[in-house]
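Residues per chain, in single letters:
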Amino acid sequence: MDVKIEQSWKDALGSEFDKPYFASLVRFLHGEKAEGKRIYPPGGQIFKAFELTPVKNVKVVILGQDPYHGPGQAHGLSFSVPENMPAPPSLKNIFKEIETDLGVRMSGYPNLEKWARQGVLLLNAVLTVRSGEAASHSRIGWQEFTDAVIKYISAECEGVVFMLWGNFARTKSELIDHSRHCVLEAAHPSPLARGAFFGCRHFSKANAYLTSMGRNPIDWQL
């Protein structure tokens, strides 16, 4: 796997690529492919979140767990799928909350690149998955890498909103300096949470915080 990552992130995280865990991770992925395993997202999209949201642009981090494991779904952005795919259940619930929170109408368009280009880092804690096997790459080293991403943003950026949804994402709260950033926690938007996500109002809260910091709010409407 060629590590093709946007230059500002390469400058920020370059030392991570030289660590033993990352070399082991790359070997594992090469081994999976050599065995004929199908890996999502495609290689060129593994670091797409970084490509669309350079370090200096980061305003919001929405943390997912690992990529969608169905054909054609994962494209390197947490919760997002390409425009030719139906919105997954969690994303539908995110849209419902935005509509209620902001009083806007969402089209159901499932590709979240518009958010990413505005400064929303759509980061999965694990960046690859084996086809049809959720969390199959959760222990190969990705979390060490993405924890380093979160720590870097916490230490080097100012006034970022972190949206941590569900018990897994909330464990990352300890990596963030709460005195420098806004940390918003809620239940996961999955239907399995039985609607506990609804009413969190994270999108209006994020924009209010960004405005208070003198930054442009996010246009969440799609």
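Predicted model only: the values in this text are computed from it and were never measured.

**Observations regarding the pattern of salt bridges**
Alright, step 1. Enumeration according to the criterion identifies 13 salt bridges in this entry.
Alright, step 2. For R117, the salt bridge identified is with E113, shortest N-O distance 3.3 Å. Here the residue R117 and the residue E113 both occupy positions in helix α5 (residues 113-117), the gap between them amounting to four residues, near one helical turn.
Alright, step 3. By relative accessible area, which is 55% here, R117 ends up exposed.
Alright, step 4. A salt bridge links R180 to E158; the shortest N-O distance between them is 3.2 Å. Placement of the pair is R180 in the loop between α7 (166-170) and β6 (182-186) and E158 in the loop between α6 (142-156) and β5 (161-165), with a sequence separation of 22 residues.
Alright, step 5. A single salt-bridge network, built from bridges that share partners, covers E32, E35, K37, R130 and E133.

**Here we look at the layout of surface pockets**
Alright, step 1. If you add up the space inside the largest pocket, you get close to 320 Å³.
Alright, step 2. Lining of the largest pocket is provided by 18 residues; of these, Q65, D66, P67, Y68 and H188 occupy positions nearest its centre.
Alright, step 3. The class makeup of the residues in the lining of the largest pocket is seven nonpolar, 10 polar and one charged.
Alright, step 4. The space that makes up the second largest pocket amounts to roughly 170 Å³.
Alright, step 5. In terms of lining residues, the second largest pocket is bounded by Y68, P88, P89, S90, H188, S190, P191, L192 and A193.
Alright, step 6. Tallied by class, residues from the lining of the second largest pocket come to six nonpolar, three polar and no charged.

**What about the sheet that holds strand β3 (residues 120-124)?**
Alright, step 1. Taken in spatial order, the four strands of this open sheet run β3-β2-β5-β6, and their pairing is parallel. Every other strand in the sheet has two partners, leaving β3 and β6 as the edge strands with one partner each. Strand-to-strand twist in this sheet, taken as the mean axis angle between neighbours without regard to direction, amounts to 20°.
Alright, step 2. Pairing of strand β2 (residues 60-64) with β5 involves four bridges; the strand directions are parallel. Note on β5: the bridge partner recorded for V60 is V161.
Alright, step 3. Across the sheet, helix α8 (residues 202-212) touches β2, β5 and β6, and the angle it forms with β5 is around 165°.

**Looking at empty space enclosed by the protein**
Alright, step 1. Enumeration over the complete set of coordinates arrives at one cavity of 30 Å³ or more.
Alright, step 2. The computed volume of the largest cavity comes to approximately 50 Å³.
Alright, step 3. Along the walls of the largest cavity sit P41, I46, A49, P67, G76, L77, L122, L123, N124, V126 and L127, which together make up its complete lining.
Alright, step 4. Sorting elements by how many residues they give to the lining of the largest cavity places β3 first, with three residues.
Alright, step 5. Tallied by class, residues from the lining of the largest cavity come to nine nonpolar, two polar and no charged.

**A word on α6**
Count 3.6 residues to each turn of an α-helix, and residues three or four apart come out pointing the same way.
Alright, step 1. The end-to-end C-alpha distance of α6, which contains 15 residues, comes to 21 Å, matching closely the 21 Å that a straight helix rising 1.5 Å per residue would cover.
Alright, step 2. By the burial criterion, the buried members of α6 are W142, F145, T146, D147, A148, V149, I150, I153 and S154.
Alright, step 3. Close packing links the buried residues of α6 with α1 (7-13), α2 (20-34), α3 (48-52), β2, β3 and β5.

**Side note on the side chain of T128**
Alright, step 1. Within the secondary structure, T128 is located in the loop between β3 and β4 (129-130).
Alright, step 2. Side chain to side chain, T128 and W142 meet in a polar contact 2.8 Å long.
Alright, step 3. In contact with T128, other than residues within four places in its own chain, are L29, I39, Y40, P41, I46, P67, H137, I140 and W142.

**Section: the packing of α2 against α6**
Alright, step 1. Two numbers describe how α2 lies on α6: the axes approach to 9 Å, and their chain directions differ by 130°. Taken as axis vectors, α2 and α6 run oblique relative to one another. Classified by chirality, the crossing of α6 by α2 is left-handed. Residues Y21, F22, L25 and L29 of α2 pack against W142, E144 and F145 of α6.
Alright, step 2. Residues belonging to the contact of α2 with α6 are distributed by class as follows: six nonpolar, no polar and one charged.

What counts, and where the lines are drawn
- Residues numbered from 1 in each chain as written.
- Predicted model: local features only at pLDDT ≥ 70, side-chain atom pairs only at ≥ 80, totals over all residues.
- Heavy atoms only, no water.
- Salt bridge = Lys/Arg side-chain N within 4 Å of Asp/Glu carboxyl O.
- Helix = DSSP H or I, 4+ residues; strand = E, 2+ residues; numbered from the N terminus.
- Buried < 20%, exposed > 50% of the residue type's maximum accessible area, 1.4 Å probe, protein only.
- 1 Å grid on protein atoms, 1.4 Å probe; cavity = no way out; pocket = protein on both sides within 12 Å on 5 of 7 lines; lining within 4 Å.
- Points joined across faces, edges and corners; volume = space filled by probe spheres on them.
- Nonpolar A, V, L, I, M, F, W, Y, C, P; charged D, E, K, R; others polar.
- Pairing = 2+ DSSP bridges.
- Axes fitted to C-alpha atoms, helices over the stretch in contact; angles between N-to-C directions.
- Contact = heavy atoms within 4.5 Å.
- Expected span 1.5 Å × (residues − 1).
- Polar contact = N/O pair within 3.5 Å; in protein donor to acceptor, adjacent residues only side chain to side chain.
- Parallel < 35°, antiparallel > 145°, perpendicular 65-115°, else oblique.
- Left-handed = near helix turned anticlockwise from the far one by under 90°.

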